[in-house]
Amino acid sequence: MVPVSISHCRYRVMIESQSIYIVDDDAAVRDALSILVKSVNLDAKEYSSADQFLAEYNPQHPGCLITDVYMPGIDGVELQKRLVDMGSQIPMIIMSGHGDIPLAVNMIRNGALDFIEKPFSNHQMLEHIQQALTLDNERRSTAIKSNQSQKYYATLTPREKEVLEYLVSGVSNKVIAAKMAISPRTIETHRANVLRKMNSESVVSLVQKMSHVHRTSN
Amino acid sequence: MIYELNILTWFGIALLTMVLIVNIRLKKQSRFCAFSNTTKYVSVQKNDALAMKSYAAENVVNVNKNLPKHDKNQAREGQKSENLFREIFESAPDCVMLQSQDGTIELINHTGLALLETEHKDNVIGQSVYNLIVPEYIDAYREMSRKVFNGERVCLEYEMVTCKGTRRWMRTNTVPLKDSQQIITSLVATTRDITDTHLISQQLEAHRHKLQTIFESEPECVKLQDAEGRIMEMNPAGLSLLKAKNYNDVVGKVIYDFMTPEYAKDYRDLTAQVFKGGRGSMEFEVISLDGGRRWLETHAAPLRDNKGNVSALLAITRDIDGRKKDEERLYQQQTELARICRLSTMGEMASSLAHELNQPLCAVSSYAESARQLNMHATKELDVLLDKIVLQSRRATQIIKNIRDFVRKQTPSPESISAASIINSVIDFVEPNRRRNMISIDLQITEDLPSVKADRVQIEQVLMNLISNAIQAVVELPYDQRKITIKASHESSEEIIFKVCNLGPDISEDIVKELFTPFYTTKETGMGMGLSISRSIVEAHGGRIWYRTKPGYGACFHFTLPVSSDD
């Protein structure tokens, strides 16, 4: 028997209105992919050319991209380049005709997620889409978190920033007090403020947040 | 005082004068005609008498005064007759000579003297004729003389030397002279100087001989033929072209006997053209006497006689069989090449076809799978059908992949590849064929064989060629002999050797020689390129490919590849 049974449960919508962008010059291929995507309750958007896609694309909108390599006009390679130029991190799934493998490999090197040969199996395509959407979510939440952390960080006083650095490096209050020539009690106050402002419950989560934050001095 | 001398004295003086004159003459011509060891000095008396005989030619009647009158008249008549014949004798335009049996010249006319380049009969008459003949012809002359004195009439051509030492060619007609008793007393020779004509005929002979030699030695066929096509003459080269052992096997026969009918009409036209004075050439096939056929090219021209009429067709014919065969082969090769170009265009087409087919196939495949999903548990029969659609579309996909693999044009890119992996991938490819024909493949791949440095696709092509040839070789054999052995092992520290062997009849000697030649095939639908391409590929990799039979394994194709130094 052909293994085509897929459990719908695995493909829950994770973030509101994720879209699967389908870019291929062949109408039938687009159509078949659309049907597949919709069969797992995901939103599919079809484009007959890379140009058409770029004209309507909004990087804020979550989702992933499935594209052919060889297309008239702007091909898959050029499309990827343009997306990178505009700072988009949208995960790309490349469909390759058998002869384009070297090109496809290059695109992977330049950041595409994976490639799948035509004709593809539905099951495999859905797996790739799953991976892509997961990746997109992660990137977005990371971005969001990083934004937030950045904002919080901006509200810190210079003293607080200093204390933050020591905290993140893992030294005890006592040592910080000594290093900053302030009393430990003052350090404790600073520590509490920092945690509060950074919206962290512990130094550990503080450390996580700080990995996304650009340090600046006021 | 002078008139006082008496008659006797006058006579004496006259006699003395004559003697003196004769002596002076003798002294002037002291060297007699050459080749004579003995210089014969004729006695004055004899000479005189004979001289007086010839000097009497001017109708001087020399009659003895003392004869009676009746006899005087008869004698006078006789003398007149004698004078007439003498006149005829002397004025004959050819030399007339009388010769005795021992060769002494008794009589000779003026023309004869002129021939001998002398003015005095005394130098000749009484001489042996053999003094005048060049030594090589003396025997012939003697023989002639003997025959004549036996009563025969003989003609002879010989060379003689004049009194001045010049050599001349003579033709002499000799007859015996009989006396009243029918006894042969002398030989009469009428002789003509044929020096000039002899020279001419010698030159002609030399010329004829030269032409004959050219004709005989000419390496190409030269022939003369009449208007009906009858062969009048043919040189040895032509005879051997027709494989004729005898001249008469060809000369006298009609050229159309040696030609296939399809060329007869054109040849007739050519003959007609030549006999009208034109020239022409044509190619045709000749059937030689041993039945063989060869291509010939003939150039014909008219041969004219002295009057300017065309008397024969002269043709030079050369064997162009070799050239024709080369042209044939070239034509075949060109046709084959054109076919291969079409095939390679077809290869291109196949490639783009595969590419085009891929799109709808991709859609169909996905649709079928989606439909199958939608139908889940709904209609059993629909499930089954949809499964089949999916299966077939996957199969179509694989076919396209295989075509693309086979046809893909890539610049050869050598890499380190393992013998096992390429052998296995080719075996996978022929699996359906193998199974269908119940052929067993015995793999003997040495463990831990080092990688070879080669272009994967090209070496797969070589293996593919050898293995499919092996399959074709065993497919007709009884089932238990349908066995192919594929081996890969060390040939040396630097080479890996691949062997593809099959049981079955060995390849015959003459085919073995041609095995790797381009365009050579024993298959009806074969292109003959497989082994030739395989050899090019193997040799381009620095390996060798060859065929040999091995007891127990059957007929084996071997090839080597260099070990990769990248490991």
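For the structure, check the block above.
Before going into details, it helps to say that this report is about the structure given with it. (Residues numbered from 1 in each chain as written. Chains lettered and ligands numbered in written order. Predicted model: local features only at pLDDT ≥ 70, side-chain atom pairs only at ≥ 80, totals over all residues. Heavy atoms only, no water.)

### Quick look at the overall build of chain B
Within chain B, the regular secondary structure consists of 14 helices and 17 strands. When burial is assessed residue by residue, chain B has 37% of its 567 residues classed as buried. Counting only contacts in chain B whose residues sit at least 6 apart along the sequence, the fraction spanning at least 24 positions is 55%. With the model as given, the accessible surface of chain B reaches about 34100 Å², and the carbon-plus-sulfur share is 56%. (Helix = DSSP H or I, 4+ residues; strand = E, 2+ residues; numbered from the N terminus. Buried < 20%, exposed > 50% of the residue type's maximum accessible area, 1.4 Å probe, protein only. Contact = heavy atoms within 4.5 Å. Areas by Shrake-Rupley, 256 points an atom, 1.4 Å probe, with all protein chains shown as cover.)

### Describing the pattern of salt bridges
Residue and element names in this part refer to chain B. Taken as a whole, this structure holds 39 salt bridges over all chains when the rule is applied. Between Arg 168 and Glu 117 there is a salt bridge, and its shortest N-O distance comes to 3.5 Å. Of the two residues, Arg 168 sits in strand β4 (residues 167-178) while Glu 117 sits in the loop between α4 (110-115) and α5 (135-149), which places them 51 residues apart along the sequence. What makes Arg 168 partly exposed here is its relative accessible area of 23%. Owing to a relative accessible area of 24%, Glu 117 belongs among the partly exposed residues under this scheme. As a salt-bridge pair, Arg 544 and Glu 495 come within 3.0 Å of each other at their nearest N and O atoms. Of the two residues, Arg 544 is situated in the loop between α14 (530-540) and β16 (545-550) and Glu 495 in strand β15 (residues 495-502); the sequence distance between them amounts to 49 residues. One network of salt bridges, in which partners are shared, links Glu 220, Glu 283, Glu 297, Arg 318, Arg 323, Lys 324 and Glu 327. (Salt bridge = Lys/Arg side-chain N within 4 Å of Asp/Glu carboxyl O.)

### So, the pairing of strand β3 (residues 154-161) of chain B
All names here are of chain B. Most of β3 is tucked away: six of the eight residues are buried. Where β3 lies against β4, eight bridges are found, and the strand directions are antiparallel. Along β4, the bridge assignment pairs Val 161 with Arg 167. Taking the residues between adjacent antiparallel strands as the criterion, β3 and β4 are bridged by five residues, where Gly 165 takes a positive phi near 95°. (Pairing = 2+ DSSP bridges.)

### So, the nonpolar core
By size, the foremost hydrophobic cluster in this structure holds 38 residues, and its most contacted members are Leu463(B), Ile467(B), Ile484(B), Phe498(B) and Phe559(B). At nine residues, helix α12 (residues 456-474) of chain B tops the list of elements feeding residues into this core. (Core = buried A, V, L, I, M, F, W, Y, C linked by side-chain atoms within 4.5 Å.)

### Regarding the sheet that holds strand β10 (residues 310-319) of chain B
Neighbouring strands of a sheet are bound in pairs by backbone hydrogen bonds; such pairs are parallel or else antiparallel. All names here are of chain B. The antiparallel open sheet is built from five strands, whose spatial order is β7-β6-β10-β9-β8. Looking along the sheet, the strands with just one partner apiece sit at the ends: β7 (231-234) and β8 (280-287). Along the sheet, successive strands turn relative to each other by an average axial angle of 30°, direction set aside. As defined by bridge partners, β8 adjoins strand β9 (residues 293-304) across eight bridges and the pair is classed as antiparallel. By the bridge assignment for β9, Glu 283 is matched with Glu 297. Sitting on the sheet, helix α8 (residues 261-275) is in contact with β6 (221-225), β8, β9 and β10, with an inclination near 145° to β8. (Axes fitted to C-alpha atoms, helices over the stretch in contact; angles between N-to-C directions.)

### Topic: the sheet that holds strand β17 (residues 554-562) of chain B
Residues and elements named next belong to chain B. Strand order across the open sheet formed by five strands is β12-β14-β15-β17-β16, with mixed pairing between neighbours. Both outer strands of the open sheet, β12 (440-445) and β16, are each paired with one neighbouring strand and no more. Mean inter-strand twist for the sheet, computed between neighbouring axes without regard to direction, equals 20°. Of the strand pairs in this sheet, strand β14 (residues 483-490) and β15 are connected by seven bridges, and their pairing is antiparallel. Bridge pairing in β15 places His 490 opposite Ile 496. Most of the contacts of α12 go to β15, to which it runs at about 25°, and overall it touches β14, β15 and β17.

### Considering unusual backbone geometry
All names here are of chain A. Backbone torsion omega between Lys 118 and Pro 119 reads -10°, so that peptide bond is classified as cis. Topologically, Pro 119 is positioned in the loop between β5 (114-117) and α5 (122-154). With a phi angle near 60°, Asn 41 is a residue other than glycine that sits in the positive phi range. By relative accessible area, Asn 41 is classed as exposed at 60%.

### Details of the packing of aromatic side chains
Under the definition given, this model contains 13 aromatic pairs over all chains. Three or more aromatic residues joined by ring pairs form one cluster here, namely Tyr21(A), Tyr47(A), Phe53(A) and Tyr57(A). The ring of Tyr256(B) carries Arg268(B) above its face, with NZ or CZ at 4.1 Å from the centroid. For the cation-ring pair, Lys324(B) lies above Trp295(B), with the distance from its terminal atom to the ring centre recorded as 4.6 Å. (Phe/Tyr/Trp six-rings, centres within 6.5 Å; stacked < 30°, edge-to-face > 60°. Lys NZ or Arg CZ within 6 Å of the ring centre and 35° of its normal.)

### Structural notes on empty space enclosed by the protein
Residues and elements named next belong to chain B. This model, assessed by the stated rule, comprises three cavities of 30 Å³ or more. Approximately 140 Å³ is the volume attributed to the largest cavity. Lining the largest cavity are 16 residues, with Cys 95, Met 97, Leu 116, Tyr 158 and Met 160 sitting closest to its centre. Listing elements by their share of the lining of the largest cavity, those giving two or more residues are β1 (95-99), β2 (105-108), α4, β3 and β5 (184-193). Of the volumes computed, that of the second largest cavity is approximately 80 Å³. Together, Cys 221, Lys 223, Met 234, Leu 241, Leu 242, Ile 255, Phe 258, Phe 284, Val 286, Leu 296 and Thr 317 line the second largest cavity. Of the residues assigned to the lining of the second largest cavity, the class counts are nine nonpolar, one polar and one charged. (1 Å grid on protein atoms, 1.4 Å probe; cavity = no way out; pocket = protein on both sides within 12 Å on 5 of 7 lines; lining within 4 Å. Points joined across faces, edges and corners; volume = space filled by probe spheres on them. Nonpolar A, V, L, I, M, F, W, Y, C, P; charged D, E, K, R; others polar.)

### Section: the state of the cysteines
Residues and elements named next belong to chain B. Going through the model one piece at a time under the given rule, you end up with one disulfide over all chains. Disulfide pairing is shown between Cys 501 and Cys 556; the S-S distance is 2.1 Å. Its S-S torsion of about 110° marks the bond between Cys 501 and Cys 556 as right-handed, since a negative value means left-handed. Remark: Cys 556 occurs in strand β17 and Cys 501 occurs in strand β15; sequence separation between them is 55 residues. Owing to a relative accessible area of 2%, Cys 501 belongs among the buried residues under this scheme. (Disulfide = S-S within 2.5 Å.)

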